[in-house]
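# A look at the structure
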Amino acid sequence: MKSPHSLRLSLLLLLPHIHLARQSDFAPYFYDNGPSSTSGNMALFSIAEDTPVGAQVYTLNGTDPEGDSVRYGLTFEKGSKEYFRVEPKSGRVTLISELDREVEDEIAVLVSITDGRNKVVEKGRVFVTDANDEKPEFLNLPFIVSVPEDTEAGSSIFKVQAVDKDLGSGGSVTYFLQTTPNTKFTIDGHSGVLRIKPGEYLDYETSKTHFVTVVAKDGGGKYNGKHQVMTSSATITINVLDAQDSPPTFVGTPYFGYVYEVSVPGSEIFTVFAKDGDQGNPNPIQYSIFNGSDGSFSINSSSGCITLTTYPIQLKNELYELQVKASEVGPENQLLDYTITMVTIRVVDLNNHPPTFYGENGPQNRFELTMYEHPPEGEILRGLKITVNDSDQGANAKFRLRLVGPGRVLRVVPQTVLNEAQVTIIVENSTAIDYEKYTFLSFKLLAVEIDTPERFSATADIIIHLLDTNDNTPKFSTDFYIARIPENSPGGSNVVSVTATDLDSGLWGDVKYSIYGSGADLFLIHPTSGIIYTQPWATLDAEVKSKYNFYVKAEDTEGKYSLAEVFVTVLDLNDHPPEFDENFLEKTMIIGAPVKVEAVDDDAEEPNNVIEYSIMKADPENVFDINTSTGEIKLKPFIKSMEIVQNITRQKDCKWSVVVQARDGGSPSFTTTAVVKIDITEANPLSGPMAAFLMQSRDNPLKALGMVAGVISVMVMVTVLISTAMYMRNTKSNRIAPARRIIRRKRREQQQWNFKTPFGQPDSPDKVVADDVESNTANRNKNNNSSWPKPPPPTAPVLPPPPLANLRVTERQRSAVPTISGSLTSRSCSRTSSQKSLTSKDTEDRPSQSKEGNVSSALVSELKKKLEQKIIEANQGYYYY
């Protein structure tokens, strides 16, 4: 532990060091990287005016000698617009306002750097560089210039000037004209001087004003990184000043005048009019007749009015062609340029007679005709005798005929008449002349003068009365009729009413109805009213047939007809109750499986034939459920075994009964009930196809019986086919084979014979003999094409087992010994021999032995003795070959 004296000494030593450290704290400073750098103190920094707002344009960069962190600042002089903002820590400078060099090309900024103790502020200037963002601007707009029309080609008439505020190539301006067809001007691209094209002249009379569009284009430059050329346009209005260089011009040529029979000397015939071709400063016009008047006409020199100087009767010609001269009068009344035109004067009759229509008895303005409708096209209406006349002469007697009325029905011939003509009316559209549309047609026949000022005219009415013909076919109101009638409707019930109309009049408009077709047997139609009803004896049943269709015919008195189709739907009524196959049914139900009852409703449509099943009564109660739609009856879910069933009934037979009701969906509805006796049993342990079939047929024993009968029938048929084939085969063969017959003797009282089958099972003697007969017969059939085999020698059978207690011992002491008789017979008799052997076996116990004597022979006797001897030796009963 240090003493207080040593601590004071240490403090005294540290104080000079702290004072020296304070004296060595230096201010931060900016790096000066030059004007081309984008980091430093922004001294002499340049920025393009098209720089987008929000872009980072510069980075303030400086340091502190002591290595302390620095912060940057950027401000503007008071009253100046702020264009930049700096991020204090990083020094990144961002543009926040849009630049425009043409408005402000130099920006003063104050940048600062501080280390927290010392702050250094420097003033810099940022230069805004140019971008091609300004269009050329025309000076002294609008451009209007007046040019005399006689200005020579190639002369300078105007100079345009435009300036561009951009620098460099973007500030240079060139000029050109937007070319139009037939332009008369050109412009110097550098100076902007507008001139008249060489070889072109201005004409006041053709065009008083010209409009020329001049385009000023700069030299192009960069803008937003792309090269851009900017243009401006202005319109130069060039007014052409008139000069005295055009002769007078007559207005309204050609000129025609007329002299009428009632004219007198001094009557005005026509007035001509001319004007100076130089409209900007026109001269007065003086008129005179240059040639062709023959002294019969004169003209007013100031007004240009031509007058008659003599009476029309004294005129030598019907046509005069006057040459009239129009001259300009100069300031000193001298005649200058002139123009000559032609005035045609015709001497004509006075138009004082209008056209007039004539009939057979003189002038007439109404003509009537009666005719049948639909005459042939091109037919002339000969009943109309019309003449038209105009009593004037020449052009005054020329007029046009026109027929006014329903369009393009009739036409008139001729259409142009001079003086007089017979009028002919011709049918043009036969279809439009229809009695059913119009009972009469009204037209106006007009005659109008063509070339006269008065345009006199005349009018006549033409009335055509039409007579009807049978030109229409009866038409039904619709192409098909749909009717509905309930079944069981009484005979004579109305089904539907059909309507057809015939537009013809009188008897031709009467319609008679009839029906025909495969479905029309049960229906009738009233011939005049069109009401269709059922036959008096007809009975409609929807269950038998619910749809009928047939045709109805509407016919007029001349046999013209049309057809419509009738569709009749027989509506089903609920007239059949549901029916079960039997009123008392017996079913076997296996626990877990349903039994089904089914009723049938003979109605044709839903809901009349839709059946709903329900349980009316059950014994015992509340043990069955039924599916209302299918009729399946099943036990309640809690009944799962026979033990539960027996607990419910307390009986061993387990036969329950249910009263099932079947109700249809008609209105009113019908119901039927049936008693179902259900025998409850458990599932059958049998398996396999037969068991499955029996399970499926447990409720239908007739089905199982039918299946068994079918199988038996097939087996019988196969057997018959095989037997027939064998018989036919044997009949074709002519081979002789021995026929055998086995006869069984009666057993002895002391002995009982028994044969052991090759399979070790004891069989009765009858079965052995039968088997032997069958095997021999089979062998003979099998060896038809080989020789008959030699019978084997007799052998002793195996000892039989002890006699059974229930076998009855006969009273006779000797057992029947089988005897064998042989004979030669054809193969065709083999089947008969076998049948005889079987017959002898059936009659072996009979006392009569008459058949044996009939077949005795030496061979048979010898064989019989040998057999008896062998039997005695072996104490056995049967030998067989």
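The paragraphs below set out a description of the structure included in this document. Being a predicted model, the structure only gives us computed values, none of them experimental. (Residues numbered from 1 in each chain as written. Predicted model: local features only at pLDDT ≥ 70, side-chain atom pairs only at ≥ 80, totals over all residues. Heavy atoms only, no water.)

## Some thoughts on the overall build of the protein chain
Looking only at helices and strands, the protein chain has eight helices and 62 strands in total. Looking at the 881 residues of the protein chain, the share that counts as buried comes to 36%. Taking all contacts inside the protein chain whose residues are at least 6 apart in sequence as the whole, residues at least 24 apart take part in 67%. Working note: accessible area of the protein chain is about 52,300 Å², and carbon and sulfur atoms make up 53% of it. (Helix = DSSP H or I, 4+ residues; strand = E, 2+ residues; numbered from the N terminus. Buried < 20%, exposed > 50% of the residue type's maximum accessible area, 1.4 Å probe, protein only. Contact = heavy atoms within 4.5 Å. Areas by Shrake-Rupley, 256 points an atom, 1.4 Å probe, with all protein chains shown as cover.)

## Focus: the packing of aromatic side chains
Applying the stated criterion across every chain, the model contains 17 aromatic pairs. The interplanar angle of 45° and the centroid separation of 5.2 Å between the aromatic rings of Tyr255 and Phe270 together place this pair among those described as tilted. Here Tyr255, found in strand E23 (residues 255-260), pairs with Phe270, found in strand E24 (residues 268-271); they are 15 residues apart in sequence, far enough to count as distant. According to the relative accessible area criterion, Tyr255 is buried, its value standing at 2%. Accessibility expressed as a relative area gives 23% for Phe270, which makes it partly exposed. (Phe/Tyr/Trp six-rings, centres within 6.5 Å; stacked < 30°, edge-to-face > 60°.)

## A look at the sheet that holds strand E18 (residues 209-218)
With respect to topology, four strands assemble into an open sheet ordered E12-E21-E18-E15, the strand pairing being mixed. Both edges of this open sheet fall to strand E12 (143-148) and strand E15 (173-177), since each of them pairs with a single strand only. With strand direction ignored, the average angle separating the axes of adjacent strands in the sheet is 30°. As judged from the five bridges shared by E15 and E18, these two strands associate in the antiparallel manner. Pairing of Val173 across the sheet is with Asp218, part of E18. (Pairing = 2+ DSSP bridges. Axes fitted to C-alpha atoms, helices over the stretch in contact; angles between N-to-C directions.)

## Quick notes on the side chain of Glu328
In this structure, Glu328 sits in strand E29 (residues 319-329). One polar contact links Glu328 to Asn283, side chain to side chain, over a distance of 3.0 Å. (Polar contact = N/O pair within 3.5 Å; in protein donor to acceptor, adjacent residues only side chain to side chain.)

## Digging into the sheet that holds strand E6 (residues 71-76)
An order of E3-E10-E9-E6 is seen for the four strands of this open sheet, with the pairing classed as mixed. Edge positions in the sheet fall to strand E3 (45-48) and E6, since each has one partner strand and no second. Each strand axis lies, on average, 30° off the axis of its neighbour in the sheet, ignoring direction. As defined by bridge partners, strand E9 (residues 106-114) adjoins strand E10 (residues 119-129) across nine bridges and the pair is classed as antiparallel.

## Here's the deal with the environment of Pro142
On the secondary structure map, Pro142 appears in the loop between strand E11 (137-138) and E12. For Pro142, a relative accessible area of 64% translates into the label exposed. Taking the C-alpha atoms as reference points, Pro142 and Ala234, separated by 92 residues in sequence, lie 8.0 Å from one another.

## Some points on unusual backbone geometry
Backbone geometry follows two general trends: most residues other than glycine have a negative phi, and most peptide bonds adopt the trans configuration. Look at the link from Glu606 to Pro607: it is a cis peptide, with omega at 0°. For Pro607, the location among the structural elements is in the loop between strand E53 (599-600) and strand E54 (611-619). Although it is not a glycine, Asn419 sits at a positive phi angle of roughly 70°. Its location among the elements puts Asn419 in the loop between strand E37 (416-418) and strand E38 (420-427).

## Concerning helix H2 (residues 642-649)
If you check which residues of H2 are buried, you get Met642, Val645 and Thr649. Looking straight down H2, one finds that the buried residues subtend no more than 55° of arc, so they occupy a single side. Buried-residue contacts for H2 involve strand E57 (655-664) and strand E58 (671-681). (Arc of directions from axis to C-beta.)

## Thoughts on a nonpolar patch on the surface
The grouping of Tyr516, Tyr551, Tyr561 and Leu563 at the surface amounts to a nonpolar patch, some 380 Å² of accessible area in total. Tracing the backbone shows Tyr561 in strand E49 (residues 561-571). Overall, the relative accessible area of 45% leaves Tyr561 in the partly exposed class. (Patch = residues over 30% accessible without salt bridge, like charges linked within 9 Å, V, L, I, M, F, W, Y side chains within 5 Å. Salt bridge = Lys/Arg side-chain N within 4 Å of Asp/Glu carboxyl O.)

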